[in-house]
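Chain by chain, the residues:
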Amino acid sequence: MSTLAPKTPGWLDWYPNPSKPRFTLPAGTVDAHCHVFGPQAEFPFAPERKYTPCDASKDQLFALRDHLGVTRTVIVQATCHGADNSAMLDAVQAAGGRARGVATVRPDVSDAELRRLDEAGVRGVRFNFVRRLVDAAPHDALRTIAKKIAPLGWHIVLYFEAADLPELADFFGALPAPLVIDHMGRPDVTKPVDGPEFGGFLRFVANNDVWVKVSCPERLTVSGPPALDGEQHAYTDVVPFARRVVEEFPDRVLWGSDWPHPNLKSHMPDDGLLVDYVPQIAVTAEEQRKLLVDNPMRLYWPGETA
Ligand SMILES: O=C(O)c1cc(C(=O)O)oc(=O)c1
């Protein structure tokens, strides 16, 4: 019998009993960024991982999806599973057409394997440039893999820190597939929304074939979580950044819960309050429909109606 690896010290488990959101998500809402972790007894974590999370199974993900009023999910390969996509694929398959996947693959991946992933519901590959999550920036792998996936019509999901974008922008802009940016490119929300750093990010989005996930206020906030009474607006310091992206690029924004919220050390968000954050950043019914339904459907279920 194999022994299970203990969780990383200080690892916070996902919120056990999320509140029922006060904001009613429109019918057909897609959670375009969530993960499954293990369960590690069935799907062991990758030896090269930088953290060991708690288990977060597909059934627990589907229970949250239904509780929040989400219709479909995009399950994004988490770094703790490396390039072993089996837990993600198992979850996508179990969702019976109501999930798509984003995979991590190695540069020597065969065309036959890519076709197998495509048939299983994968529509993109993910690359991580956040230093605490990887050993080295994956430029060469990304260049090689981008050429292989472009003919499938897939996209490239990128995770990076705002301060690194100026160095990466030309490289990213030359890739031969659409780009999807995780967590708004991780802006430093203590800097001005009209300042040069976020301005550079907005220009990069304007000038390239880019979609942006306006996700993770709980990860980007400096002012912290909402009060426990839930009365005040949540994550107010992140709102102006996400609001700006939604206003400028209403047809290229995506929303995701980021459940089960890897690597949060300060607090674990109530996922119900994360849904209540949405109407602060997408204020009209039209903006909400585009963010939550139309845009992710176009990217992940093109030609299908919500
Ligand atoms: O900021 C993070 O720690 C983080 C990690 C991962 C992952 O390990 O895949 O995914 C995310 O979306 C965010």
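Residues numbered from 1 in each chain as written. Predicted model: local features only at pLDDT ≥ 70, side-chain atom pairs only at ≥ 80, totals over all residues. Heavy atoms only, no water.

Where an unreviewed UniProt entry is consulted, the chain appears under the name 2-pyrone-4,6-dicarboxylate lactonase, with the organism given as Amycolatopsis bartoniae. Within the UniProt record for the chain, the comment given under Catalytic activity (unreviewed entry) is "2-oxo-2H-pyran-4,6-dicarboxylate + H2O = (1E)-4-oxobut-1-ene-1,2,4-tricarboxylate + H(+)". We quote the UniProt Sequence similarities (unreviewed entry) comment for the chain here in full: "Belongs to the metallo-dependent hydrolases superfamily. PDC hydrolase family." (UniProt positions renumbered as here; feature names shortened; annotations may be inferred.)

Peer 1: Outline the site of the ligand, listing residues and values.
Peer 2: Taken together, 15 residues form the shell around the ligand, and within it Tyr51, Thr79, Arg126, Arg132 and Tyr159 come nearest. The contact in question runs from an oxygen atom of the ligand to an N or O atom on the side chain of Arg132, over 2.7 Å. Asp258 is positioned with one of its side-chain polar atoms (N or O) 3.3 Å from an oxygen atom of the ligand. Surface burial for the ligand is 100%, taken as the share of its 330 Å² of free accessible area covered by protein chains. At a threshold of 2 Å from the grid points, most atoms of the ligand map onto the largest cavity. (Near = heavy atom within 4 Å. Polar contact = N/O pair within 3.5 Å; in protein donor to acceptor, adjacent residues only side chain to side chain. Areas by Shrake-Rupley, 256 points an atom, 1.4 Å probe, with all protein chains shown as cover. 1 Å grid on protein atoms, 1.4 Å probe; cavity = no way out; pocket = protein on both sides within 12 Å on 5 of 7 lines; lining within 4 Å. Sits in = over half its atoms within 2 Å of the grid points.)

Peer 1: Go over the sheet that holds strand E5 (residues 155-159), please, and point to the residues and values.
Peer 2: With parallel pairing, eight strands are arranged side by side in an open sheet as E1-E2-E3-E4-E5-E6-E7-E8. Edge positions in the sheet fall to strand E1 (30-34) and strand E8 (253-254), since each of these pairs with one other strand and no more. (Pairing = 2+ DSSP bridges. Helix = DSSP H or I, 4+ residues; strand = E, 2+ residues; numbered from the N terminus.)

Peer 1: Would you mind going over the pairing of strand E2 (residues 72-76) in detail, with residue names and values included?
Peer 2: Where burial is concerned, most of E2 is hidden: five out of the five residues are buried. In E2, alternate side chains face the same way, and those of Arg72, Val74 and Val76 on one face and Thr73 and Ile75 on the other are all buried. In this structure, E1 lies alongside E2, joined through three bridges in parallel fashion. Among the inter-strand pairings, Cys34 is bridged to a residue of E2, identified as Ile75. Note on the crossover from E1 through helix H1 (residues 58-68) to E2: the handedness is right-handed. Bridge count for E2 against strand E3 (residues 99-103) is four bridges, and the pairing is parallel. Bridge pairing in E3 places Ile75 opposite Gly101. For the segment spanning E2, helix H2 (residues 86-94) and E3, crossover handedness is right-handed. (Buried < 20%, exposed > 50% of the residue type's maximum accessible area, 1.4 Å probe, protein only. Right-handed = clockwise from strand over helix to strand, strands pointing away.)

Peer 1: Give me the packing of helix H8 (residues 239-248) against helix H9 (residues 271-281): which residues, what numbers.
Peer 2: Remark: H8 packs on H9, axes separated minimally by 9 Å, with the N-to-C direction vectors making an angle of 60°. As summarised for this structure, H8 and H9 are arranged oblique, according to the angle between their axes. Our pair here, H8 against H9, has a crossing hand that is right-handed. Two secondary-structure elements touch here, H8 through Val239, Ala242, Arg243 and Val246 and H9 through Tyr277, Gln280 and Ile281. Residue composition of the contact of H8 with H9, grouped by class: five nonpolar, one polar and one charged. (Axes fitted to C-alpha atoms, helices over the stretch in contact; angles between N-to-C directions. Parallel < 35°, antiparallel > 145°, perpendicular 65-115°, else oblique. Left-handed = near helix turned anticlockwise from the far one by under 90°. Contact = heavy atoms within 4.5 Å. Nonpolar A, V, L, I, M, F, W, Y, C, P; charged D, E, K, R; others polar.)

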